[in-house]
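Structural features, examined
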Amino acid sequence: MNETIPNTEIQENGDGKIPVKGHTLEELTQIISELGEKPFRAKQIYNGLYANRYESWEEFSTIGKDLKEKLKEKFSLSSISVAKHLKSVDGTQKFTFESVPGSGKEFESVWIPSGDGGRKTICISSQIGCTLNCKFCATAKLPYMGNLKAGEIIDQILQVEKIVGDRATNIVFMGMGEPMHNYFNVMRAAKLLHDGEALGMGAKRITISTSGVVNGIRRFIENKEPYNLAISLNHPDPNGRKEIMDIEEKFALPELIDAALEYTKVLKRRITFEYVMIPGVNMSAEDAKKLVKIARRLDCKINVIPLNTEFFGWRRPTDQEIDEFLRHLEPAGVPILNRRSPGKDINGACGMLAAKS
């Protein structure tokens, strides 16, 4: 089944206008038809909005004055606003956005360039706050204030690229929130990001991350979504995982691993396990042994991430502890990457979004 993404976007802004960002070409075609215009006008708007990054109706030079007036009256091109912009010594940049200035409903995105400048990643948010309570994550300390609409998700990319003056090579849905708890808006945004007539990014350069929402993963598989999937694993034992991630109470680790195995078999793609390393919690030789056992069951890679927060008296692992843990993981025979912590000095590293800067 290729599930149709329901229209979650046709709703008014506070100014009584309908936001245009987040609409698919099919929806814009319907809107244009209802205005009595030819369907090709919808494609002109679609290309202008996403491919050309137009920010005002005046920039749409191929659209006549009468249609522009109709569009101005009914539809809004407004963008999310930057409440704070911080730059790290390592080149990482963090952006705090608001949909409505002064509302207090803030969400964050991070621009992460590689050292050689070849890979430029934007980490984007899918919710304001989060519906889950992972104990190592600063976002979990915030109140959940709602799902982001697809237009707000895609606009993070548009605004970050505009400000840094560059285009991303990769997008990861690993910011604030649980993407699978905002499934349709996330997939709508990913579709716009991937569409060659919109932002045109390859599916293999788009990664959706989840803490382990199994029904979302199964929907992802059933719909044959073309994007990469990452699972925030963080402990190889159900009891240990339950201590640090409340998602374990609803979706047990064995069920999660079965879903991951199904993903690799049905979609024939490698899955990524994200593993935040916390000394005294999930870095023992026994923990590594159990993680190796999981990794051997399926086609995967493991991204290890040093703890960046200091909740519950936890601390960041030393380089020696990391090296020892990685040695214990070698028998897994799978690719292992130490993601390190770009942007830590501006609270832009993994687990730090919404930490006070």
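Residues numbered from 1 in each chain as written. Predicted model: local features only at pLDDT ≥ 70, side-chain atom pairs only at ≥ 80, totals over all residues. Heavy atoms only, no water.

The secondary structure content of the chain amounts to 10 helices and 14 strands. The C-alpha radius of gyration computed for the chain amounts to 21 Å, which stays within 12% of the reference 21 Å derived for 357 residues, consistent with globular compactness. Overall size of the chain, expressed as C-alpha extent along the three principal axes, is 70 × 45 × 40 Å. Here the chain holds 357 residues, and the buried ones make up 53% of them. Within the chain, contacts between residues at least 6 apart in sequence are counted, and of these 65% link residues at least 24 apart. Within the chain, the 47 negative side-chain charges are centred at a point lying 3 Å from the centre of the 49 positive side-chain charges. (Helix = DSSP H or I, 4+ residues; strand = E, 2+ residues; numbered from the N terminus. Rg over C-alpha atoms; globule rule 2.2 N^0.38 Å. Buried < 20%, exposed > 50% of the residue type's maximum accessible area, 1.4 Å probe, protein only. Contact = heavy atoms within 4.5 Å. Lys, Arg positive; Asp, Glu negative; His and termini not counted. Charge placed at Lys NZ, Arg CZ, Asp CG, Glu CD.)

Turning our eyes to something else, we now look at the pattern of salt bridges. As enumerated under the stated definition, the model contains 18 salt bridges in all. Glu161 is the partner of Arg53 in a salt bridge, and the nearest nitrogen-oxygen pair spans 2.7 Å. You can see Arg53 sitting in the loop between helix 2 (40–51) and helix 3 (65–74) and its partner Glu161 sitting in helix 4 (residues 150–164), a full 108 residues away along the chain. On the basis of relative accessibility, which here comes to 6%, the residue Glu161 falls in the buried class. Of the charged contacts, one joins Lys72 and Glu69 as a salt bridge, the two residues approaching to 3.7 Å between their closest N and O atoms. In this pair, Lys72 and Glu69 are both assigned in helix 3, three residues apart and thus about one turn of the helix distant. Exposure remark for Lys72: the relative accessible area of 26% places this residue in the partly exposed category. Several salt bridges share partner residues, and in doing so they unite Arg53, Glu161 and Arg167 into one network. (Salt bridge = Lys/Arg side-chain N within 4 Å of Asp/Glu carboxyl O.)

The contact between helix 4 and helix 5 (residues 183–194) brings their axes to 8 Å, and the two run at 45 degrees. It follows that helix 4 is oblique to helix 5 by the angle criterion. Once helix 4 is placed against helix 5, the crossing between them reads as right-handed. Where helix 4 approaches helix 5, its residues Ala150, Ile153, Ile154 and Ile157 are matched on the opposing element by Asn185, Val186, Arg188, Ala189, Leu192 and Leu193. (Axes fitted to C-alpha atoms, helices over the stretch in contact; angles between N-to-C directions. Parallel < 35°, antiparallel > 145°, perpendicular 65-115°, else oblique. Left-handed = near helix turned anticlockwise from the far one by under 90°.)

It is worth spelling out the packing of aromatic side chains at this point. One pass over the full model with this rule turns up nine aromatic pairs. Taking 5.5 Å as the distance between ring centres and 85 degrees as the angle between the ring planes, the aromatic pair formed by Tyr183 and Phe184 counts as edge-to-face. Residue classification places Tyr183 among the buried residues on the basis of a relative accessible area of 5%. The exposure class assigned to Phe184 is partly exposed, which follows from its relative accessible area of 22%. (Phe/Tyr/Trp six-rings, centres within 6.5 Å; stacked < 30°, edge-to-face > 60°.)

In the sheet, strand 4 (residues 93–98) pairs with strand 5 (residues 106–113) via six bridges, with the strands oriented antiparallel. By the bridge assignment for strand 5, Lys94 is matched with Val110. In terms of strand pairing, strand 5 meets strand 6 (residues 120–123) through four bridges, oriented antiparallel. Paired with Trp111 across the two strands is Ile122, which belongs to strand 6. Between strand 5 and strand 6, which follow one another and run antiparallel, lie six residues, and Gly117 among them has a positive phi close to 80 degrees. (Pairing = 2+ DSSP bridges.)

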